[in-house]
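# Geometric and topological summary
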Amino acid sequence: MLHAYQEKCTMCNLKHRQLLEAAHIIPDSEERGLPIVKNGLSLCKIHHAAFDHNILGIDADYIIHVKREILEESDGPMLQHGIKELNKQKIILPSNRKDHPEKEYLDHKFHEFLRQN
Ligand SMILES: [Zn+2]
């Protein structure tokens with residue numbers, strides 16, 4: 001999985017393996033949450049947690065959305081550069097098309113994000 005993404009965070013391009021995790025789009029607690037590349041994203045630890053908790057969402061066109069109340073918040077560089085500036089950016093996709101995240105899975109997860117915004 002991390003290999004498909006050339007070992008970098010799909011949101012911020014961070015390339016330090018020790019800070020990267022393989023994230024599920026649909027969590028493995030759900031029936032469709034399969035441990036396959038198409039249900040996965042390579043994310044750094046902060047973006048993994050933000051994605052799981054719907055602080056960041058990714059729509060089916062691979063565009064990142066930041067939770068509305070976070071966009072209105074002012075804080076230090078992690079919030080400003082690490083999170084808020086990702087709003088409306090496109091994720092970095094694996095070079096091989098067959099490894100791209102499944103749009104249907106992203107859409108499913110993005111609806112959960114929208115419900116919480
Ligand atoms: Zn990241």
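Check the entry above for the structure.
Residues numbered from 1 in each chain as written. Predicted model: local features only at pLDDT ≥ 70, side-chain atom pairs only at ≥ 80, totals over all residues. Heavy atoms only, no water.

## Section: the coordination of the zinc ion
Convention followed: Note on donors: an N, O or S atom is included if it sits within 2.8 Å of the metal, or within 3.2 Å for Na, K and Ca, and water is never included, so sites can look incomplete. A four-donor site is classed as tetrahedral when every donor-metal-donor angle falls between 85 and 135 degrees; four donors are called square planar, and six octahedral, when trans pairs exceed 155 degrees and all remaining angles lie between 65 and 115, with any other arrangement labelled irregular.
For the zinc ion, the full set of protein donor atoms is Cys 9 (SG), Cys 12 (SG), Cys 44 (SG) and His 47 (ND1), and the range of their distances to it is 2.1 to 2.3 Å. Angles of 94 to 118 degrees at the metal separate the four donor atoms of the zinc ion, which places the site in the tetrahedral class. We note that the donor set of the zinc ion lies within a single chain, spaced as C-x2-C-x31-C-x2-H.

## Digging into the pairing of strand S2 (residues 40–44)
On any regular strand, side chains alternate: one points to one face of the sheet, the next to the other face. As a reminder of what qualifies: Burial classes: relative accessible area under 20% of the type maximum marks a residue as buried, over 50% as exposed, and values in between as partly exposed (1.4 Å probe, protein chains only). In this text, helices come from DSSP runs of H or I with a minimum length of four residues, and strands from runs of E with a minimum of two, each type numbered from the N-terminal end. Whether two strands pair comes down to DSSP finding at least two bridges between them.
Burial runs high along S2: five of the five residues are buried. Neither face of S2 is exposed, since Gly 40, Ser 42 and Cys 44 on one face and Leu 41 and Leu 43 on the opposite face are all buried. Judged from the five bridges that link them, strand S1 (residues 20–24) and S2 form a sheet pairing that is antiparallel. Looking at S2, one finds that Leu 20 is bridged to Cys 44.

## Thoughts on helix H1 (residues 45–52)
Note the following rule: What the arc covers is the set of directions going from the helix axis to the C-beta atoms. In this analysis, two residues are considered to be in contact whenever any of their non-hydrogen atoms come within 4.5 Å of each other.
Looking only at H1, the buried set comprises His 47, His 48, Ala 50 and Phe 51. Around the axis of H1, the buried residues are gathered within 165 degrees of arc, so they sit on the same side. For H1, the elements touching its buried residues are S1, S2, strand S3 (56–58), helix H3 (77–83) and helix H4 (103–115). Where H1 terminates, the next one or two residues include Asn 54, which has phi positive at roughly 60 degrees.

## Here we look at the pattern of salt bridges
What counts is decided by this rule: When a carboxyl oxygen of Asp or Glu lies within 4 Å of a side-chain nitrogen of Lys or Arg, that pair is called a salt bridge.
Summed over all chains, the structure comprises six salt bridges. One salt bridge in this structure joins Asp 99 and Lys 98, with 3.5 Å as the shortest N-O distance. The exposure class assigned to Asp 99 is buried, which follows from its relative accessible area of 13%.

## Considering a negative patch on the surface
So the rule is basically this: Only residues above 30% relative accessible area that lack a salt bridge enter a patch, with like-charged residues linked at up to 9 Å and the nonpolar side chains Val, Leu, Ile, Met, Phe, Trp and Tyr linked at up to 5 Å. Surface exposure here means Shrake-Rupley accessible area, sampled with a 1.4 Å probe, where a residue is shielded only by the protein chains that are shown. Charge counting follows a simple rule: Lys and Arg are positive, Asp and Glu are negative, and His as well as the terminal groups are ignored. Lysine's charge is taken at NZ, arginine's at CZ, aspartate's at CG and glutamate's at CD.
On the surface, a cluster of negative charge is contributed by Glu 69, Glu 72, Glu 73 and Asp 75. Relative to the elements of secondary structure, Glu 72 occurs in the loop between helix H2 (68–71) and H3.

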